[in-house]
Amino acid sequence: MVHLGPKKPPSRKGSMADVPRDLLEQISQLETLFTVDAHKLCTIVDHFMKELEKGLSKEGGSIPMIPTWVMTMPDGKEKGTYLALDMGGTNLRVCEVELLGNRDFDITQSKYHMPEEMKTGSSEQLWDYIADCLQAFLQSHHPNDAQKELSLGFTFSYPCTQTAIHNGVLQRWTKGFDIDNVEGHDVQPMLEAALKRKNVPITVTALINDTTGTMVASNYTDPETQMGVIFGTGCNAAYFDVVKNIPKLEGLVDLAPETPMAINCEWGAFDNEHVVLPRTKYDIQIDEESPRPNQQAFEKMIAGLYLGEIHRLVMLDLHEQGFIFEKQNAEKLKKPYSIDASLLSQIEEDPFENLTEVEDLFLSRFGIQTTEPERKLLRRLAELIGTRSARLSAAGVAAICKKMGIEKCHVGADGSVFNKYPHFQERGAEALAEIFGWHDMPPTHYPIKVQPAEDGSGVGAALIAALTLKRMKEGLPVGMKPEIIEHLAQEHK
Ligand code: GLC
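Just so it is clear, the structure is predicted and the values come from calculations on it, not from any experiment. (Residues numbered from 1 in each chain as written. Predicted model: local features only at pLDDT ≥ 70, side-chain atom pairs only at ≥ 80, totals over all residues. Heavy atoms only, no water.)

## A short note on the overall build of the chain
Convention followed: Going along the chain from the N terminus, every DSSP run of H or I of four or more residues is numbered as a helix, and every run of E of two or more is numbered as a strand. Classification of residues uses two cut-offs on accessible area relative to the type maximum, computed with a 1.4 Å probe and protein chains only: under 20% is buried, over 50% is exposed, and between them is partly exposed. Pairs of residues are marked as contacts when any of their non-hydrogen atoms sit within 4.5 Å. Only the protein chains shown count as covering a residue, and every accessible area follows the Shrake-Rupley method with a 1.4 Å probe. Neither His nor the chain ends is counted toward charge; the positive residues are Lys and Arg and the negative residues Asp and Glu. Charge coordinates come from a single atom per side chain, which is NZ of Lys, CZ of Arg, CG of Asp or CD of Glu.
Within the chain one finds 15 helices and 13 strands. Overall, the C-alpha framework of the chain stretches about 70 × 45 × 40 Å when taken along its three principal axes. Here the chain holds 493 residues, and the buried ones make up 57% of them. Taking the intrachain contacts of the chain between residues at least 6 apart in sequence as the baseline, contacts between residues at least 24 apart amount to 73%. Summing over all exposed atoms, the chain offers an accessible surface of approximately 20100 Å²; the carbon and sulfur share of this is 52%. Side-chain charges of the chain comprise 50 positive and 71 negative groups, with the mean position of each set lying 2 Å from the other.

Rendered as structure tokens:
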């Protein structure tokens, strides 16, 4: 039984009456392994808060807590046309965003497939491909004013150290990317060089993270938004802190102590030391076999890239121990990352008590004939993995709120898991209620609401470009002191 608190679990349980005892035992062991009860959640939140602080300190910690140089929320009056480029993890998207000045906008966009090989290819290939996509976009949308210099908000959603709003040195790839010669380098000159080579008249005005974009875009349409989170291929959050709470900026900035500063947490790296997260042997295997072992411990238990893989590893293990798919050829299940989170969604959403849709799915996808009790185990496993993801995500949101003393706010959330995974939102809200003790409240009254965001990587990037140009016009800083930017830039050439 999963401890979902006092309310009824949101997911239909189905009957386990016909499940034989050995499988019931396996289910019960999986429940123990994957359940994060309220007490454990609170322990995680406490540790998380300390780690957020540590990331802001001079010594630093494993959560990067990156100052983004986004220092104002929009007032809704922003106007103008900006380009946005979104390199998130799955696709590449180019947008032209027209800010209309009344908390409204218009967007024209094209999506370009990001070939799988590119994720582990060469740096030149990547930047050239991105420049080609931008060029193709301009050619189809601006065939007549090809030479007009355009301002770009570049959403590059990987941990980047920023000395100013327009640059970012990639700390390390996440989300399965492994492209040589990018880590340790500033990505802005690399993109601009590729644009120059191809004669594409675009300047990178702001380099942003999807979470920061999500927070700003959501705040544009809903000023109660104080945080942006992504639960998609990866998982991360941004919030507004103030300069005096960020000891690692001491001496590097000319900013008043109360100046707001958006922080890209990169919380996927929470608990890389493995102190508090209840990792299973499957999580450990995923980590060890990933291109970046010992990184992104939190993300690897939550994000869309990994949910299907966790399910696959459990199934294979149970099969190899002789508990499921007896006499079936499970060869197709052996391919790493062959299952993505959408399969888990389909399993959870099968409306039939005997799970015939799951039966068809396994037959067509993997050539495996399943029994009804096996399918019940598979569904319970999907529920457990999806619920754990939602509850751990809530722990992150709660940690930021507690650190900042926020008792009431809206959190703009985006990403495939948040938007598409069944019950993710309700399960997350229940976990928040357990952490904060909102026992006697209907969910509609919960003071902290994680809700669907505006398009952060498109509209958010454009807004941040607009806000940056405005600050620059007013002579306000958009980064560290100029001499420090110059000095650090030399180091990363
Ligand atoms: C990964 C990236 C982070 C991004 C998140 C969601 O965690 O490191 O920058 O925000 O995925 O896309």
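## Here we look at the site of the ligand
Note the cut-off: In this text, near means that some heavy atom of the residue lies within 4 Å of the molecule or strand in question. Whenever a nitrogen or oxygen atom comes within 3.5 Å of another N or O atom, the pair is scored as a polar contact, on the condition that within protein one atom can donate a hydrogen and the other can accept it, and that pairs from neighbouring residues in sequence are kept only if both atoms are in side chains. Residues were grouped as follows: Ala, Val, Leu, Ile, Met, Phe, Trp, Tyr, Cys and Pro as nonpolar; Asp, Glu, Lys and Arg as charged; and all remaining residues, including Gly, as polar.
Taken together, 15 residues lie near the ligand, and Thr174, Asn209, Asp210, Glu266 and Glu299 sit nearest. Between Asp210 and the ligand, the recorded distance is 2.6 Å, taken from a side-chain N or O atom to an oxygen atom. In the environment of the ligand, an oxygen atom lies 2.4 Å from a nitrogen or oxygen atom belonging to the side chain of Glu299. The fraction of the free accessible surface of the ligand (310 Å²) that becomes covered by protein chains is 98%. The set of elements that each furnish at least two residues to the shell around the ligand consists of α5 (210-221) and β10 (235-242). Partitioned by chemical class, the residues of the shell around the ligand number four nonpolar, seven polar and four charged.

## Description of the pattern of salt bridges
Going by this rule: Salt bridges are defined by distance alone: a side-chain nitrogen of Lys or Arg within 4 Å of a carboxyl oxygen of Asp or Glu.
Inspection of every chain in the model, using the stated rule, returns 28 salt bridges. A salt bridge links Asp18 to Lys376; the shortest N-O distance between them is 3.3 Å. With Asp18 in the segment before α1 (21-34) and Lys376 in helix α11 (residues 372-404), this residue pair connects regions lying 358 residues apart in the sequence. For Lys376, a relative accessible area of 3% corresponds to the buried category. Across the salt bridge formed by Asp287 and Arg279, the nearest N and O atoms sit 3.6 Å from each other. One network of salt bridges, in which partners are shared, links Glu31, Arg379, Arg380 and Glu383.

## Notes on the packing of aromatic side chains
Test applied: Here a pair means two rings of Phe, Tyr or Trp (six-membered ring of Trp) with centres within 6.5 Å. Their orientation is stacked below 30 degrees between planes, edge-to-face above 60, and tilted elsewhere.
A full pass over the atoms with the stated rule returns 22 aromatic pairs. Summarising the aromatic geometry, the rings of Phe34 and Tyr282 are spaced 6.4 Å apart at their centres and angled 10° between planes, so their arrangement reads as stacked. Taken as a pair, Phe34 in helix α1 and Tyr282 in helix α6 (residues 281-289) lie far apart in primary sequence, 248 residues in all. Members of the aromatic cluster, joined through ring pairs, are Trp127, Phe154, Phe156, Tyr158, Trp173 and Phe177.

## Details of the sheet that holds strand β13 (residues 448-452)
Just so we agree on the cut-off: Two strands make a pair as long as DSSP finds a minimum of two bridges between them. Between N-to-C directions, angles cover 0 to 180 degrees, with each direction set by a line fitted to C-alpha atoms, over the stretch in contact for helices.
Here we have six strands laid out as an open sheet, ordered β1-β11-β10-β9-β12-β13, and mixed in their pairing. Each edge of the sheet is formed by a strand with only one pairing partner; in this case those strands are β1 (66-67) and β13. Sheet topology note: the β1/strand β11 (residues 260-264) ladder contains two bridges and is antiparallel. Counterpart to Pro67 in the pairing with β11 is Ile263. The strands touched by α5 are β9 (225-231), β10, β11 and β12 (409-414); relative to β9, the strand with the most contacts, the crossing angle is about 135°.

## Some words on helix α13 (residues 424-436)
Formally: A helix is expected to span 1.5 Å for every residue after the first.
Given a rise of 1.5 Å per residue, 13 residues ought to cover 18 Å, and the 18 Å separating the end C-alpha atoms of α13 matches this to within 8%. Those residues of α13 that sit buried are Phe424, Arg427, Gly428, Glu430, Ala431, Leu432, Ala433, Glu434 and Ile435. Of the surrounding elements, those touching the buried residues of α13 are α2 (38-56), β9, α9 (341-349), α11, α12 (416-420) and β13. The positive-phi residue at the C-terminal boundary of α13 is Gly437, with phi of around 70°.

## Notes on the nonpolar core
Convention followed: Definition of nonpolar core: a set of buried residues of the types Ala, Val, Leu, Ile, Met, Phe, Trp, Tyr and Cys, connected through side-chain atoms within 4.5 Å.
By size, the foremost hydrophobic cluster in this structure holds 121 residues, and its most contacted members are Trp267 and Phe362. The greatest single-element share of this core, amounting to 15 residues, is contributed by α11. Contacts of Phe362, omitting those with residues within four sequence positions, involve Met315, Phe325, Leu343, Ile347, Gly367, Ile368, Thr370 and Leu378. Judged by nonpolar contacts, the second largest core, of 36 residues, contains Leu85, Met114, Ala131 and Phe177.

## Concerning the confidence of the model for the chain
Threshold: Each residue gets a pLDDT score, which is the predictor's confidence in that residue and runs from 0 to 100.
Mean pLDDT over the chain: 94, with 97% of residues reaching 70 or higher. Note that pLDDT drops below 50 for residues 1-5; the model gives that stretch 17 contacts with residues more than four away or on any other chain.

## As for the sheet that holds strand β8 (residues 202-208)
The five strands lie next to each other as β4-β3-β2-β5-β8, forming an open sheet whose pairing is mixed. Lying at the two open borders of the sheet, with one neighbouring strand each, are β4 (105-113) and β8. Within this sheet the neighbouring strands show an average axis-to-axis angle of 25°, counted without direction.

## What about the side chain of Lys403?
In this structure, Lys403 sits in helix α11. Filtering out sequence-adjacent residues up to four positions away, Lys403 remains in contact with Met49, Leu52, Glu53, Leu56, Tyr239, Asp241 and Asn245.

## Digging into the packing of helix α3 (residues 123-141) against helix α4 (residues 187-197)
The line we're drawing: Angle categories: roughly parallel below 35 degrees, roughly antiparallel above 145, roughly perpendicular from 65 to 115, and oblique for all the rest. Rotating anticlockwise by less than a right angle from the far helix to the near helix defines a left-handed crossing, while the corresponding clockwise rotation defines a right-handed one.
At a minimum axis distance of 9 Å, the contact between α3 and α4 shows a crossing angle of 60°. The angle between α3 and α4 falls in the class oblique. As for how α3 packs across α4, the hand of that crossing is right-handed. Seen from α3, the contacting residues are Ser123, Trp127, Asp128, Ile130, Ala131 and Leu134; seen from α4, they are Val187, Met190, Leu191, Ala194, Leu195 and Arg197. Looking at side-chain class alone, the contact of α3 with α4 contains nine nonpolar, one polar and two charged residues.

## Re the environment of Leu255
Here Leu255 lies in the loop between β10 and β11. When the C-alpha atoms of Leu255 and Val243 are compared, they prove to be 7.4 Å apart, with 12 residues separating the residues in sequence. When near neighbours in sequence (up to four residues on either side) are disregarded, Leu255 contacts Trp69, Met71, Val243, Met261, Arg471 and Pro477.

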